[in-house]
Structures are given as structure tokens and as C-alpha cells.
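Here's the letter readout for the chains.
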Amino acid sequence: MADERGPCKRFRHEDSQTLSIQGELQEILEVSEDDEDPFQNESEDYSASQHSSSPESNPSDEEGEIELHLPPHHLPSPAEIPGWSNVEVPSPIFLCSKRPGLLVDVNNSKKPIDYFNLLATDDFFDMLCTRANRHAIDILAHSDAENPRIARWVDVTAAEMRKFFGLLLHMGTIKLNRINDCWKKHYMFNLKCFSIFMSRNRFLLILRCLQFGDIGSEQSRTQCGKIQPLVDFFNSKMTEIYYPGRELSIDESMVFWRGRLKFRPCVKGKIYKFGIKMYQLCESNGAVLKTIVYTGSACVELSGPNHTQKVVLELLKDHLNNGHSLYMDNYYNSVSLTKRLLEH
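These figures come from a predicted structure and were not determined experimentally.

Colleague: How do you make sense of the overall build of the protein chain when you look at a structure like this?
Modeller: A count of helical and extended segments in the protein chain gives 10 helices and 6 strands. Going through the 344 residues of the protein chain one by one, you find that 27% of them count as buried. Expressed as a percentage of contacts within the protein chain between residues at least 6 apart in sequence, the contacts between residues at least 24 apart total 60%. For the protein chain, the exposed area adds up to about 25300 Å²; of that, 56% sits on carbon and sulfur atoms.

Structure below.
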């Protein structure tokens, strides 16, 4: 214990070492200020050696010795590089050939429902009703229960399907734990807007029979077959009713999903790492113009080599040769894609 240094002694020892080091540095600086330039003699020797190596002062060059003349460091100009020139080529100017805006007349309406009806037309709801009624018959045919709830099914109409979608969208603004809570009669959960338009059992029956794809078709057997008709309907409808402005953007979006799904990717850089990956073509104001649901290797048209180039060209299929400016990150960009886009 007597040999160990206490904290006070250790600190005093460190302070003394610091002072001695500072004193030595000060002495070195004072000496260096009094001395001459240490590199002066070396430069004189170097210049003298250059004079001595000249042909006049060194006769040994005639005896076969080779003198090396090192050229100074030189960066070639663009004119000296093959294929390059100093001529400035002006960038091409692309003018948008189509007028952006709505392609259908809404009579200057300011009601949101009128713009919603541009996408959700009567044909859309008729298609949903036909497939929901057909799916209800299939469920009833494969039911083994004695008195199933589906036995009380009544064919749904387009007007009733509109009410169903209205209640479904309204549930996104009211956060409740379960769907059944929307029809509770307790004074803390008494939301009369749901029970006025539709009963709880009827809502659950329509939700069970809701079907976007055609069950008997080959498309329904694909990984995205149950929702692909809805995506195709949206893409075609947006092309029909609206044309975007000059600036377009392409990026991917993740729809959060932790359920069972075969083509669910894991993207570590996103907020939601697990979900459904979608490629989207958007306008500068945020409007989605076209959507592609990526299903991995099952998507034969987009998978394989040059995957990102295929995605970009597929999203821009209806907007080429119209003078648009495209914005995207380096994940999609490549030399071959740039050449293809400049051609269009």
C-alpha cells in the first residue's frame, strides 16, 4: 500500500510532465527561429546538380549515358482526349405537348363526391355487386354448418355497396379496436351514423363476400390475382379522366403488412420494413397516376435483368413522347435507361 500513488501525487506528477514537455517545445521553437532555412542548402545542391548534368559541363554523356527528362505534371485538355471536344452542345428543350388537367367535364363542381364518382363509377360498383353475389353462392355451397349466417344472404345492390364503402372509409377516421364497436349502444360508443345506414350483420356479410377478382379466371390464380383487377381499373381510369403536368416522379412505396403473404419483401431502409412493395408514378402535387404491385420473381414482365428500367418504362407507357421531365433517385437511373428516355 505504501508504494501506490495517491490521487494528489499522481496529479502533481502529471502536471510536472506536462510542464517539462511544454518547456522542451519552447526551446525547439526558439532555436529554429535563429537557424537558417534547413532546405536552402538542399535546393542549392539540387540546382548545382542540374548544372553539372548539362551537356556542356558533363562530357560523360557522349560516352553512352542516358539523360532522363521528366515532363512536368500535365492534365490533358478535353481537346487532347479522343472523342472529346470543347464545343458546347446545348441541352435539348422538351415542350409538353398535351394540356394538363381533367379530361372530363364536371361543370365546375366543388363537391368532393363528384370527383370521387369520376373514379368510382356505376360500372365499378356493378362489377363489385356481381362478384360479391357470386362469391356468396360459392361460400354457401361449400358450407357444412347447419344454419350458417351466409344462408341469410340477399343480393347486394349498387346503392347498398356505395353505403358499405362510405362506412368503410369513415372507419378510417374513427379509431376503434374492433369493427363491432361501431354498432355498440353504450353511451361511450354510440355512433348512430353506422346503424342508421346499415346493420352490423349486413355489413359483416358484405365484407365477407367482397371480391375484386374473378374466381374462375386464370388471373385469379396468380399471387396478386385477387386485387389486380382493382389496380388495373384504377390505372385505366386515371388515364381516361386526367392528364398530368410536365414534372413526373417515380418511387416505391411500402404498404404495411405483417400477415401471411408469399411475396412480402423486407426493405430495411423503410419505416415499415415488411409489407407490400408498390411502384408508383406521381405528379408534383402528390397525385398518384399509376401503380404497380411488385410480386417478386412471379412478375415475369418486370423481374430479371434491367428490372428498374422495365419498371420505369412500364409506368411511363402512356406518357412517352410528350415532353415530360422525370425525377427519380439513383436506384432506377442507368446509362441505358437515360438513352431510352432521351429517344422519347
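Colleague: Explain the nonpolar core here, please?
Modeller: The nonpolar side chains of a soluble globular protein tend to be buried, and buried together. In terms of nonpolar packing, the biggest core is built from 26 residues, with Trp153, Met161 and Phe164 touching the most fellow members. Contributing elements (two or more residues each) for this core: α4 (122–141), α5 (158–170) and α7 (200–209). Sorting elements by how many residues they give to this core places α4 first, with 7 residues. Not counting the four nearest positions on each side in its chain, phenylalanine 164 is found in contact with Met198, Phe203, Ile206, Leu207 and Leu210. Grouped together as the second largest cluster of nonpolar side chains are 21 residues, Tyr279, Leu289, Cys299 and Val311 included.

Colleague: What is the right way to look at a positive patch on the surface in this model?
Modeller: Taken together, the side chains of Arg149, Arg152, Arg200 and Arg208 present a region of like positive charge at the surface. Structurally, arginine 208 is set in helix α7. Taking the relative accessible area as the measure of exposure, arginine 208 reaches 48% and is therefore partly exposed.

Colleague: What should I look at first to understand the pattern of salt bridges in this one?
Modeller: A side chain of one charge can pair with a side chain of the opposite charge when the charged atoms of the two come close. Tallied over the full model, the rule gives 7 salt bridges. Notably, a salt bridge pairs arginine 202 with glutamate 160, separated by 2.8 Å at the nearest N-O pair. Placement of arginine 202 in helix α7 and of glutamate 160 in helix α5 is noted, with a sequence separation of 42 residues between them. Across this residue pair, the class does not change: arginine 202 and glutamate 160 are buried. As a salt-bridge pair, arginine 178 and aspartate 181 come within 3.5 Å of each other at their nearest N and O atoms. Taken together, the shared-partner salt bridges in this structure form one network comprising Arg178, Asp181 and Lys184.

Colleague: In this structure, what is going on with the sheet that holds strand β4 (residues 275–283)? I would like to understand it.
Modeller: Backbone hydrogen bonds hold the strands of a sheet together, and the pairing may be parallel or antiparallel. If you trace the 4 strands from one edge of the open sheet to the other, you get β5-β4-β3-β6, paired in mixed fashion. Of all strands in the sheet, those bounded by a partner on one side alone are β5 (288–293) and β6 (325–327). Each strand axis lies, on average, 25° off the axis of its neighbour in the sheet, ignoring direction. For strand β3 (residues 247–256) and β4, the ladder comprises 9 bridges, and the chain directions are antiparallel. Note that in β4 the partner of valine 255 across the bridge is isoleucine 276.

The rules behind the values
Residues numbered from 1 in each chain as written. Predicted model: local features only at pLDDT ≥ 70, side-chain atom pairs only at ≥ 80, totals over all residues. Heavy atoms only, no water. Helix = DSSP H or I, 4+ residues; strand = E, 2+ residues; numbered from the N terminus. Buried < 20%, exposed > 50% of the residue type's maximum accessible area, 1.4 Å probe, protein only. Contact = heavy atoms within 4.5 Å. Areas by Shrake-Rupley, 256 points an atom, 1.4 Å probe, with all protein chains shown as cover. Core = buried A, V, L, I, M, F, W, Y, C linked by side-chain atoms within 4.5 Å. Patch = residues over 30% accessible without salt bridge, like charges linked within 9 Å, V, L, I, M, F, W, Y side chains within 5 Å. Salt bridge = Lys/Arg side-chain N within 4 Å of Asp/Glu carboxyl O. Lys, Arg positive; Asp, Glu negative; His and termini not counted. Charge placed at Lys NZ, Arg CZ, Asp CG, Glu CD. Pairing = 2+ DSSP bridges. Axes fitted to C-alpha atoms, helices over the stretch in contact; angles between N-to-C directions.

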